[in-house]
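Architecture and fold: a report
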Amino acid sequence: MAWKCGAMAGPLGPSLVRPATEEFTKEAITALRAGKVIAVPTDTLYGFACDACSLGAVNRIYDIKGRQYTSPLAICVGDVHDIGKFAVTDHLPHRLLDNLLPGPVTVVLRRGDSSILEKSLNPGLNSIGVRVPDSNFIRLIARGSGSALALTSANLSGKPSSVDIKDFENLWEHCAYVYDGGVLPSGRAGSTVVDLTSMGKYKILRPGSAAVETIEVLQRHSLIEDKVAS
């Protein structure tokens, strides 16, 4: 992914804006383990990320965004095979997740009793949205962190999503680091969110940027659309 990094003005100054390249992953992981929030590019939008198992860090993300604590956060993991540590996947057709991910898709799955995810994340919900972005930098960070990352768009709640770090420059001061991956090409639609909690069925919760491709994969695996009203 291309990046641009120069002497940038703003609350952080140029020293805490980094290119989203592999040489800075250890620094990012250290910040996450210390309970900090970082801003990172994904394959759709810029996001705020923190350790999903740190209640303090998760609460910090809500505070930064001005978001209601009742609005759930998704998690990001480094690889598809990691999803089973945090959510129930054994009801899904063979290789379905491998065909959907990595990519601009959030899969909503049941957490289940065996999930190692902290109960403090999205309390009261028995499901969790999971991402494996097609973005090398954030996947390296997720792998190295030894945990899942809580992930949400880098913007104030209700405001337009960010495809450039300048779009959320007013929020830089709340981050340990801002990692610059350049202007993201996907537009502002965000990921396609699909509910896969029911065996043999799917429900598109948000069309996002890959709805057509996602539905094609789901139907190829013989899933049918759940049209029952929520």
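Think of each chain on its own: its residues are numbered from 1, step by step along the sequence as written. The predicted nature of this model means local features are confined to residues of pLDDT at least 70 and side-chain atom pairs, given and counted, to a pLDDT of 80 or more, with totals for whole chains, interfaces and linings taken over all residues. The side-chain quantities take in all heavy atoms of the structure and omit both hydrogens and water.

As recorded in an unreviewed UniProt entry, the protein chain goes by the name Threonylcarbamoyl-AMP synthase, listed as coming from Heracleum sosnowskyi. UniProt positions are given in the numbering used here, feature names are shortened, and annotations may be inferred rather than shown by experiment. According to the UniProt record, the Catalytic activity (unreviewed entry) comment for the protein chain reads "L-threonine + hydrogencarbonate + ATP = L-threonylcarbamoyladenylate + diphosphate + H2O". Of the protein chain, the UniProt comment under Subunit (unreviewed entry) reads exactly: "Interacts with RSC1A1."

Right, let's get into the side chain of Ser 161. Only DSSP runs of H or I reaching four residues or more are called helices, and only runs of E reaching two or more are called strands; each is numbered from the N terminus. Note on placement: Ser 161 falls in the loop between strand S7 (149-153) and strand S8 (177-180). Ser 161 sits in the buried class, given a relative accessible area of 16%. Setting aside its immediate chain neighbours within four residues, Ser 161 contacts Leu 45, Asn 155, Asp 167 and Arg 188. Accessible area is worked out with a 1.4 Å probe on protein chains only. A residue is then buried under 20% of its type maximum, exposed over 50%, and partly exposed in between. Contacts are assigned to residue pairs with any non-hydrogen atoms lying within 4.5 Å of each other.

Once that is clear, we can look at the packing of aromatic side chains. Working definition: rings of Phe, Tyr and Trp (its six-membered ring) pair if their centres are within 6.5 Å, and the pair is stacked with planes under 30 degrees apart, edge-to-face with planes over 60 apart, and tilted otherwise. This model, assessed by the stated rule, comprises five aromatic pairs. Here the aromatic rings of Tyr 46 and Phe 168 are separated by 5.8 Å at their centres, their planes lie at 45°, and the arrangement is tilted. In this pair, Tyr 46 sits in strand S3 (residues 46-51) while Phe 168 sits in the loop between S7 and S8, placing the two residues 122 residues apart along the sequence. The same class applies to Tyr 46 and to Phe 168, which are both buried. On the numbers, 4.9 Å between centres and 25° between planes, the contact of Tyr 62 with Tyr 69 is stacked. Here the aromatic cluster, defined as three or more aromatic residues joined through ring pairs, consists of Tyr 46, Phe 48 and Phe 168.

Let's shift gears to the UniProt feature "domain: YrdC-like" (unreviewed entry) in the protein chain. Mapped onto this numbering, the UniProt entry annotates "domain: YrdC-like" (unreviewed entry) at residues 22-210. Here residues 22-210 is 19% helix and 23% strand, with 27 Å between the C-alpha atoms at its ends.

So, about the pairing of S8. A two-sided burial pattern is seen for S8, the buried positions comprising Tyr 177 and Tyr 179 on one face and Val 178 and Asp 180 on the other. Direction of pairing for strand S2 (residues 38-41) relative to S8: parallel, over a ladder of two bridges. Each bridged residue has a counterpart across the sheet, and for Ala 39 the counterpart in S8 is Val 178. By the convention used here, strands pair only if DSSP detects at least 2 bridges between them.

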